[in-house]
Amino acid sequence: MLKEDFYAMKKSGAPITMVTVYDVAFARMAEAAEIEMLLVGDSAANVMLGMERTAGISMEAMCLFTTAVKRGAPNSYIISDMPFGSDSEPKIALQNATRLIEAGASAVKIEGLPLSSLRAIREKGIDLVGHLGLLPQTATSFKQVGKSEEEAEKIFEQAKVLDSLEPCAIVLEHIPEELGKKVSQATNAPTIGIGAGSHTDGQVLVMHDILKMHPFKLPPFAKSFANFWDAGVNAFCDYRSWVNKKKI
């Protein structure tokens, strides 16, 4: 798919599905399920590498995960997160965005509004995805943002600026539903919500939540559609029992 296809989906009212994936096996599953957008998220820092914050992941790691996803889903539209600090100034941002494209990404995603860096990337013809609302790389609290009139207006104005850059999409994270609706109606670019209500043009979830690959409580806006944790633990227990029986 191309950026124009996502704009056409928004115009037609067809919902867009985005899923975070990080490796070959799950990228294959997502492509087989015809997921429209695959996001190589910097959340790999947490769910794949066991770090406390997404800000801990490096460009090298993001390139490695991106290449793995590309190998597993060669026909999919792949978006890679720009890790914390990789967009600190235009020249650095362009270099790092280029690295991710070379690693297999179709587009790069940047949190917030580092406008000069965003413009430098777009001027070189690299597809871009914005990310507003809760920004995990720099957040000091993971409570909903945009609840006050001032916060909501700031996010709305940022979305209009991003929209002027003709991004592939704008991710809206953990904001009030009415704000998600207002932004979606005011932008030409598709909006992808995660905890932004039902009026965005698409939704994104982390694959570890979708498949329940961990024993932790889900975020309030997440949903599981399988239980890989129980299935996996039970399978390992059965394997261990099988091995023990072989030794008797």
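Only a predicted model underlies this, so the values are computations on that prediction, with no experimental measurement involved.

Student: What should I look at first to understand the nonpolar core in this one?
Tutor: Formed by 56 residues in total, the largest nonpolar core has its most connected members in Val21, Leu38, Met82, Leu100, Val108 and Ile121. It is helix H4 (residues 59-72) that contributes the most residues to this core, six residues altogether. What valine 21 contacts, discounting residues up to four positions off in sequence, is Phe26, Ala27, Ala30, Leu38, Leu39, Val40, Gly41, Val69 and Met207.

Student: I would appreciate a short explanation of the pairing of strand E4 (residues 107-111) in the present structure.
Tutor: Of all the five residues making up E4, five are buried; the element is thus mostly covered by neighbouring parts of the structure. Burial of E4 is two-sided: the residues Ala107, Lys109 and Glu111 facing one way and the residues Val108 and Ile110 facing the other way are all buried. The pairing of strand E3 (residues 77-81) with E4 spans three bridges and is classified as parallel. Bridged to serine 80 within E4 is valine 108. Crossover connection from E3 via helix H5 (residues 90-103) to parallel E4: handedness right-handed. For the segment spanning E4, helix H6 (residues 115-123) and strand E5 (residues 127-133), crossover handedness is right-handed.

Student: What is the right way to look at the packing of aromatic side chains in this model?
Tutor: In this description, a pair of aromatic rings is defined by centroid distance and the angle of the planes. For the structure on display, the rule yields four aromatic pairs. Judged by centre distance (5.0 Å) and plane angle (80 degrees), the rings of phenylalanine 6 and tyrosine 77 are edge-to-face. You can see phenylalanine 6 sitting in helix H1 (residues 3-12) and its partner tyrosine 77 sitting in strand E3, a full 71 residues away along the chain. For phenylalanine 6, a relative accessible area of 0% corresponds to the buried category. Relative to phenylalanine 65, the ring of tyrosine 22 lies with its centre 6.4 Å away and its plane at 75 degrees, an arrangement referred to as edge-to-face. Residue tyrosine 22 is located in the loop between strand E1 (16-20) and helix H2 (24-32), and its partner phenylalanine 65 is located in helix H4; the two are separated by 43 residues in the primary sequence. For the pair shown, tyrosine 22 and phenylalanine 65 are each scored as buried. The lysine or arginine in question, lysine 182, covers the ring of phenylalanine 156, its NZ or CZ lying 4.4 Å from the ring centre. The lysine or arginine in question, lysine 223, covers the ring of phenylalanine 225, its NZ or CZ lying 5.4 Å from the ring centre.

Student: In this structure, what is going on with the pattern of salt bridges? I would like to understand it.
Tutor: Side chains carrying opposite charge are able to pair once their charged atoms draw close together. Using the criterion set out here, one finds four salt bridges in the structure. Linking lysine 109 and aspartate 81 is a salt bridge whose minimum nitrogen-to-oxygen distance equals 2.7 Å. Linking lysine 109 in strand E4 with aspartate 81 in strand E3, this pair joins segments that are 28 residues apart in sequence. Lysine 160 is paired through a salt bridge with glutamate 157; the nearest N and O atoms lie 3.4 Å apart. You can see lysine 160 and its partner glutamate 157 sitting in helix H7 (residues 149-164), three residues apart, about one turn around the helix. For lysine 160, a relative accessible area of 38% gives the class partly exposed.

About the thresholds
- Residues numbered from 1 in each chain as written.
- Predicted model: local features only at pLDDT ≥ 70, side-chain atom pairs only at ≥ 80, totals over all residues.
- Heavy atoms only, no water.
- Core = buried A, V, L, I, M, F, W, Y, C linked by side-chain atoms within 4.5 Å.
- Buried < 20%, exposed > 50% of the residue type's maximum accessible area, 1.4 Å probe, protein only.
- Helix = DSSP H or I, 4+ residues; strand = E, 2+ residues; numbered from the N terminus.
- Contact = heavy atoms within 4.5 Å.
- Pairing = 2+ DSSP bridges.
- Right-handed = clockwise from strand over helix to strand, strands pointing away.
- Phe/Tyr/Trp six-rings, centres within 6.5 Å; stacked < 30°, edge-to-face > 60°.
- Lys NZ or Arg CZ within 6 Å of the ring centre and 35° of its normal.
- Salt bridge = Lys/Arg side-chain N within 4 Å of Asp/Glu carboxyl O.

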